[in-house]
Amino acid sequence: MKRDMDLARAILLAVEEKGGPDGGSEIDIGFPEKTPEEVSYHVQLLHEAGLLQATDYSSIGDYDWMPERLTWEGHEFLDAARNETLWNRAKSITLEKTGGLGFESVKFALIQMIKGLLS
């Protein structure tokens, strides 16, 4: 399965919106255009990247990762990626310059654009 940066961002936004301050309880999220497996896979990736805390509820024949809360790094990323125009521009620049959408590359592009706006 390929990584989908737009889905990853959407998951982070949904967790931020639905999550409470205490964490520890799973947040039910879903996206009509994505399968539960796609969402679970991206929740797992975001957990591994340190952007959110999640729990693996998978069992034999069932793949199920549930987000619990954003981490500090997840909040930091969302603060940079929240603006739709900046997000799309950062993706476009990253694709043009690198040929891919690596997380660190997109994050770097976002930070550079924000620095430019603040100058």
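Each remark here, short or long, concerns the structure printed above.
Predicted, not measured: the structure shown is a model, and the values here were computed from it.

Description of the packing of aromatic side chains
Right, on to step 1. Summed over all chains, the structure comprises 2 aromatic pairs.
Right, on to step 2. Between F77 and W87 the ring centres are 6.0 Å apart and the planes differ by 90°, which places this aromatic pair in the edge-to-face class. Here W87 lies in helix α4 (residues 84-98) and F77 lies in helix α3 (residues 72-81), a separation of 10 residues in the sequence. With respect to burial, F77 and W87 carry one shared label: buried.
Right, on to step 3. Relative to F103, the ring of F77 lies with its centre 5.0 Å away and its plane at 45°, an arrangement referred to as tilted. With F77 in helix α3 and F103 in helix α5 (residues 103-118), this pair connects stretches of sequence that are 26 residues apart.
Right, on to step 4. For F77, a relative accessible area of 3% puts it in the buried group.
Right, on to step 5. Looking at F103, the relative accessible area reads 17%, which means it is buried.

Topic: helix α1 (residues 5-18)
Right, on to step 1. Under the 1.5 Å per step criterion, the end-to-end length of α1 is 20 Å for 14 residues, consistent within 8% with the ideal 20 Å.
Right, on to step 2. All of the buried residues in α1 are M5, L7, A8, R9, I11, L12, A14 and V15.
Right, on to step 3. Contacts made by the buried residues of α1 are with α2 (36-48), β1 (52-56), β2 (65-70), α3, α4 and α5.
Right, on to step 4. Of the residues that open α1, the one with a side-chain oxygen 3.0 Å from the backbone nitrogen of D6 is D4.

Here is what the cut-offs are and how they apply
- Residues numbered from 1 in each chain as written.
- Predicted model: local features only at pLDDT ≥ 70, side-chain atom pairs only at ≥ 80, totals over all residues.
- Heavy atoms only, no water.
- Phe/Tyr/Trp six-rings, centres within 6.5 Å; stacked < 30°, edge-to-face > 60°.
- Helix = DSSP H or I, 4+ residues; strand = E, 2+ residues; numbered from the N terminus.
- Buried < 20%, exposed > 50% of the residue type's maximum accessible area, 1.4 Å probe, protein only.
- Expected span 1.5 Å × (residues − 1).
- Contact = heavy atoms within 4.5 Å.
- Polar contact = N/O pair within 3.5 Å; in protein donor to acceptor, adjacent residues only side chain to side chain.

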